[in-house]
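# A closer look at the structure
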Amino acid sequence: MTKHFNTQTVHFQKGDGEKNVSKTKPIYQTSAFTFESLEDMESYFSGEKEYLYTRYSNPNPDDLGAGVAQLEGAPAGAASSSGMSAILAGVMAAANPGEHIIVPEDLYGGTYQLFEQELKGFGYEISVIDFTSIKNVEEEIKDNTVLLYSESIANPLLRAENLQELISLGKTHNLTVMIDNTFATPYLIQPYKQGADIVVHSATKYIGGHSDVTAGVIVGNEELIAKAKKKIINLGGSLSPFEAWLACRGLKTLSVRMERQCANANELAVWFREQEDIKKVYYPEAVSERGNGAMVSIELEEYIDLHTFFSSLDWVKIVPTLAGVETTVSYPLGTSHRTVPEEIRNSLGITAGIVRISVGIEESKDIIEAFNGALQAAKK
Ligand SMILES: *Cc1c(COP(=O)(O)O)cnc(C)c1O
């Protein structure tokens, strides 16, 4: 019997995608999966079929988790709705309320807020301390300490964590070590391979790479990732299929982007070091054989007019994020570190003259020229 119009609009003839093999993975833009019979549905619960409901799992987010896990050399990975939800899931998988976590004071601003404004309220005990001395970290360890949390390259002064030291301290005291590897990416550093237990990423940054997606990834061993995945599902932090698809598309070009961006950043850092208007250049050394990252921070001399500098950067825009293919600048004091107490900011050296640069894939000569023009314009 022919169906009526109102039914036809919903159940019109749709082609069978299975017969044709798409070069790229299709987007499973669906909130759930269908079953032909009750037995068929049971096959999900027996583990034969993988997908039931997108908040639990979906092929596109699964690809992202698995892809990053592979690059990090970890057995398991899961995607989430943002870097923050990946961090939250990882912390909750590794530590229970009442337990003690040690974190560095130069944390990404959002992560600092997560610990200070949320996790403390849940009953977690948090110490925010100086990680530049491993002795300082060791002295903070107590009976209820379970987790050491840090970032492979910290923001905005680009301190490269001594991962080997931190990981061996964790092993000695039987603590879980969790590393935010957003700034370095697995192209430069693979903390899991070095012995870290959990690695998290804001895929919003280099993994996505094009500033068009908000996503997170967490990788580690099967057991910890199963726990983290449960948190992502229960807390509503699942990633949408389209966002996952975009992040996977970005991941394909991670190597070529990082190669160019690191080379450009290095050239820019070398040039900045020769400029008398720059008080200090922050660019890490010996991060990896492949390069030292694509972020450069500078401290301008006091006589440089900040407002003129920022508004004279031509095509380099002020953007409160990083890692896209375009070179951008940010002002940590006005954005990422706005909520960090002044006392901590000062002790970290985040002063009024600090400018953070996310170096893109453009021609390095043009990038240098944009900064040269701004410096010349801003000399008082
Ligand atoms: C951006 C960022 C985060 C947070 O990621 P979102 O995707 O914005 O939630 C965490 N850590 C670092 C180092 C970041 O740069």
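This one's a predicted model, so the numbers in the text were calculated from it and none came from an experiment. (Residues numbered from 1 in each chain as written. Predicted model: local features only at pLDDT ≥ 70, side-chain atom pairs only at ≥ 80, totals over all residues. Heavy atoms only, no water.)

## Looking at the sheet that holds strand 10 (residues 317-318)
What counts is decided by this rule: Strands were regarded as paired on the criterion that DSSP finds at least two bridges between them. Helical segments are the DSSP runs of H or I of at least four residues, strand segments are the runs of E of at least two, and each set is numbered from the N terminus.
Sheet architecture is open: five strands sit in the order 8-9-12-11-10, paired in mixed fashion. Unpaired on one side and paired on the other, strand 8 (278-282) and strand 10 mark the two borders of the sheet.

## A few points about the domain arrangement of the chain
Here is the rule: Segmentation of the chain into domains, including their bounds, is taken from an automatic or database domain assignment. Residue contacts are counted whenever heavy atoms from the two residues lie within 4.5 Å of one another. Buried area: the sum, over both parts, of the accessible surface (1.4 Å probe) that disappears when the two are put together.
What the domain assignment reports for the chain is domain 1 (26-251) and domain 2 (254-378). The C-alpha-based centres of domain 1 and domain 2 are spaced at 27 Å. Between domain 1 and domain 2, the residue contacts involve 29 residues of the former and 39 residues of the latter. Both sides together, the interface formed by domain 1 and domain 2 hides about 2,900 Å², and carbon and sulfur atoms give 66% of it. Its largest share of buried area at the contact with domain 2, domain 1 owes to Leu-157, Tyr-187 and Tyr-206, together 30% of the area lost on that side.

## What to know about the nonpolar core
As a reminder of what qualifies: For this analysis, a nonpolar core means a set of buried residues of the types Ala, Val, Leu, Ile, Met, Phe, Trp, Tyr and Cys, connected via side-chain atoms within 4.5 Å. Each residue is assigned to one of three classes by its accessible area relative to the maximum for its type, calculated with a 1.4 Å probe on protein chains only: buried under 20%, partly exposed between the two thresholds, exposed over 50%.
The biggest cluster of nonpolar side chains holds 49 residues, and the ones touching the most others in it are Leu-64, Val-137, Leu-148, Leu-188 and Tyr-206. Taken together, the elements giving at least two residues each to this core come down to helix 3 (59-72), helix 7 (163-172), strand 5 (176-180), helix 8 (185-188), strand 7 (216-220), helix 11 (241-252) and helix 12 (254-273). Counting residues per element, this core draws most heavily on helix 11, at five residues. The two domains that each donate at least three residues to this core are domain 1 (26-251) and domain 2 (254-378).

## Re the site of the ligand
So the rule is basically this: Whether a residue is near a molecule or strand is decided by its heavy atoms; if any one of them lies within 4 Å of it, the residue is near. Polar contact is the term for a pair of N or O atoms within 3.5 Å; when the atoms are in protein, one must be able to donate a hydrogen and the other to accept it, and sequence-neighboring residues count only if both atoms are side-chain atoms. The method behind every accessible area is Shrake-Rupley, applied with a 1.4 Å probe, and residues are considered shielded solely by the protein chains displayed. Any residue that is not Ala, Val, Leu, Ile, Met, Phe, Trp, Tyr, Cys, Pro, Asp, Glu, Lys or Arg is counted as polar, Gly included; the first ten are nonpolar and the last four charged.
Near the ligand the following residues occur: Ser-82, Gly-83, Met-84, Ile-87, Tyr-108, Asp-180, Thr-182, Phe-183, Ser-202, Thr-204, Lys-205 and Ala-215. Contact between the ligand and Asp-180: a nitrogen atom at 2.6 Å from a side-chain N or O atom of the residue. Relative to its unbound accessible surface of 380 Å², the ligand loses 92% to contact with the protein. With three residues, helix 4 (residues 83-94) is the largest single contributor of residues to the shell around the ligand. Partitioned by chemical class, the residues of the shell around the ligand number five nonpolar, five polar and two charged.

## Observations concerning the packing of aromatic side chains
Here a ring pair, both rings aromatic, is described through the centre-centre distance and the interplanar angle of the planes. Our working rule: Two aromatic rings, drawn from Phe, Tyr or Trp (for Trp, its six-membered ring), form a pair once their centres lie within 6.5 Å of each other, and the interplanar angle then sorts them: stacked below 30 degrees, edge-to-face above 60, tilted otherwise.
For the structure on display, the rule yields ten aromatic pairs. Of the aromatic side chains, those joined through ring pairs into one cluster are Trp-271, Phe-272, Phe-309, Phe-310, Tyr-331 and Phe-371.

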